[in-house]
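Examining the three-dimensional arrangement
Listed here are the chains, written in short residue letters.
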Amino acid sequence: MTAAYKEFATVYDELMTDIPYDDYVELLELAIGRLNGKKVLDVGCGTGLLSVKLAQMGAEVTGIDLSNDMLEVARNRAIDSSLSIEFNQLPMQQIAGNPSFDAAVIAIDSLNYVCTEEEVLQTFKGIYSVLQNGGTLLFDVHSTFKMDTIFLEGPFTFDNEKITYIWETEEGEEAYSVYSELAFFVKQGSGLYRRFDERHTQRTFPVNRYAEMLADVGFHIERIFSDWEDEPPHEESERIFFQVRK
């Protein structure tokens, strides 16, 4: 991993400090009971922030991500926490194997980086294949309202005197998709700033389309809720959660 990417990963972690990962742990416990001894697949695990929290609760965690650089940060994080977590580089669309997991999570809109219905279906089918009977999938996605309205209200800026970013977003080519360009400026010891650039494409689908795809795969939908609350989605919900069972 390059020094520049290691620095970017540190920035990424700092910007994710407001994400309520502890709430995600609680949501999973509510769905499957105590995590101790449960086998959990963390899909799109990034730098392992959620994986570590799940493992600290006693879960046997396997994390997968497309970025090997992110996974190297995750492995070091697990080592620093004296935790045994398996991390593998794998696109979520290519998940396959024997049914061995009690639960899978796709946290913090990671599924929105899968931009075609076919690939979303492949992801659901792969997760279904590796879950034991009765196993749970918990995931969240951006709402269509967030894609069509909130994201297009930019540009967005952030500055905490150590990190500054400018986030510009435009409507994507597909329905309910956005293309984002982010410029990060990270303050160095010299007082100068190092610049990193990131480009992202995300896409979501209406709630009923996700429900149809999940049902087509064979999942039983237990709960659909929004914005970290035990409330059904409404017109201005921004984050939609799905709890489904094999």
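Structure shown above.
Attention in this report is confined to the structure presented alongside it. Each residue is numbered by its place in its chain's sequence as written, counting from 1. Only residues with pLDDT of 70 or above have their local features reported here, since the model is predicted, and side-chain atom pairs are shown and tallied only from 80 upward, although totals for entire chains, interfaces and linings are computed over all residues. Each side-chain value is derived from all of the structure's non-hydrogen atoms; neither hydrogens nor water enter the calculation.

1. Some words on the overall build of the chain
Defined as follows: Numbering goes from the N terminus for both helices and strands, where a helix is a DSSP run of H or I of at least four residues and a strand is a run of E of at least two. C-alpha atoms define the radius of gyration, and 2.2 Å times the number of residues to the power 0.38 defines the globule rule. Only protein chains enter the accessibility calculation, which uses a 1.4 Å probe. A residue is then buried if its area is under 20% of the maximum for its type, exposed if over 50%, and partly exposed in between. In this description, contact between two residues means that some pair of their heavy atoms is separated by no more than 4.5 Å. Residue burial considers only the protein chains on display, and all accessible areas are found by Shrake-Rupley using a 1.4 Å probe. For the purpose of charge, His is not counted, nor are the chain termini; Lys and Arg are scored as positive and Asp and Glu as negative. Just so you know, the charge point we use is NZ for Lys, CZ for Arg, CG for Asp and CD for Glu.
A tally of regular secondary structure across the chain gives seven helices and eleven strands. Computed over C-alpha atoms, the radius of gyration of the chain comes to 18 Å, within 12% of the 18 Å expected from 2.2 N^0.38 for 246 residues, which places it in the range of a compact globule. By its C-alpha atoms, the chain is 55 × 45 × 30 Å across when sized along the principal axes. Per-residue burial over the chain gives 46% buried out of 246 residues. Sequence separation of 24 or more characterises 62% of the internal contacts of the chain that already satisfy a separation of 6 or more. By element, 46% of the accessible surface of the chain is carried by carbon and sulfur atoms, the whole surface being about 12200 Å². Charged side chains in the chain number 20 positive and 43 negative. The centres of these two groups are separated by 7 Å.

2. As for the sheet that holds strand E1 (residues 39-43)
What holds strands together in a sheet is hydrogen bonding between their backbones, with the strands either parallel or antiparallel. Condition: Two strands pair if DSSP finds at least two bridges between them. In this analysis an axis means a line fitted to C-alpha atoms, helices contributing only their contacting stretch, and an angle means the value between N-to-C directions, from 0 to 180 degrees.
Spatial ordering of the open sheet is given by E3-E2-E1-E4-E5-E11-E10, a layout of seven strands whose pairing is mixed. Each having just a single partner strand, strand E3 (86-89) and strand E10 (220-226) make up the two edges of the open sheet. Sheet twist, expressed as the mean angle between neighbouring strand axes with direction ignored, is 15°. As paired strands, E1 and strand E2 (residues 60-65) are joined by five bridges and run parallel to one another. Looking across to E2, one finds that Val 40 is bridged to Val 61.

3. Quick word on the environment of Val 244
Among the secondary structure elements, Val 244 is positioned in strand E11 (residues 239-245). For Val 244, a relative accessible area of 0% gives the class buried.

4. Some points on a negative patch on the surface
The condition that has to hold: Residues enter a patch when their relative accessible area is above 30% and they make no salt bridge; the linking distance is 9 Å between like charges and 5 Å between nonpolar side chains (Val, Leu, Ile, Met, Phe, Trp, Tyr). Think of a salt bridge as a Lys or Arg side-chain nitrogen and an Asp or Glu carboxyl oxygen that are within 4 Å of each other.
Taken together, the side chains of Asp 23, Glu 26, Glu 229 and Glu 231 make up a negatively charged region of the molecular surface. With respect to the secondary-structure elements, Glu 26 resides in helix H2 (residues 21-32).

5. A word on empty space enclosed by the protein
We apply this condition: Residues are said to line a cavity or pocket when one of their atoms sits within 4 Å of a point; the points come from a 1 Å grid over protein atoms alone, cavities being sets where a 1.4 Å probe fits but cannot get out and pockets being open sets with protein on both sides within 12 Å along at least five of seven lines. Grid points are joined across faces, edges and corners, and a volume is the space filled by probe spheres set on the points.
Throughout the structure, instances matching the rule amount to one cavity of 30 Å³ or more. For the largest cavity, the calculated volume is near 30 Å³. Considering the residues around the largest cavity, the lining is formed by Met 147, Asp 148, Leu 152, Glu 171, Gly 172, Glu 174, Ala 175, Tyr 176, Ser 177 and Val 178. Contributing elements (two or more residues each) for the lining of the largest cavity: helix H6 (144-150) and strand E8 (177-187).

6. Examining the pattern of salt bridges
Within the structure shown, the criterion is met by ten salt bridges. With a closest N to O distance of 4.0 Å, Glu 174 and Arg 203 form a salt bridge. Of this pair, Glu 174 sits in the loop between strand E7 (163-171) and E8 while Arg 203 sits in strand E9 (residues 193-203), and the two are 29 residues apart along the sequence. By relative accessible area, Glu 174 is classed as partly exposed at 43%.

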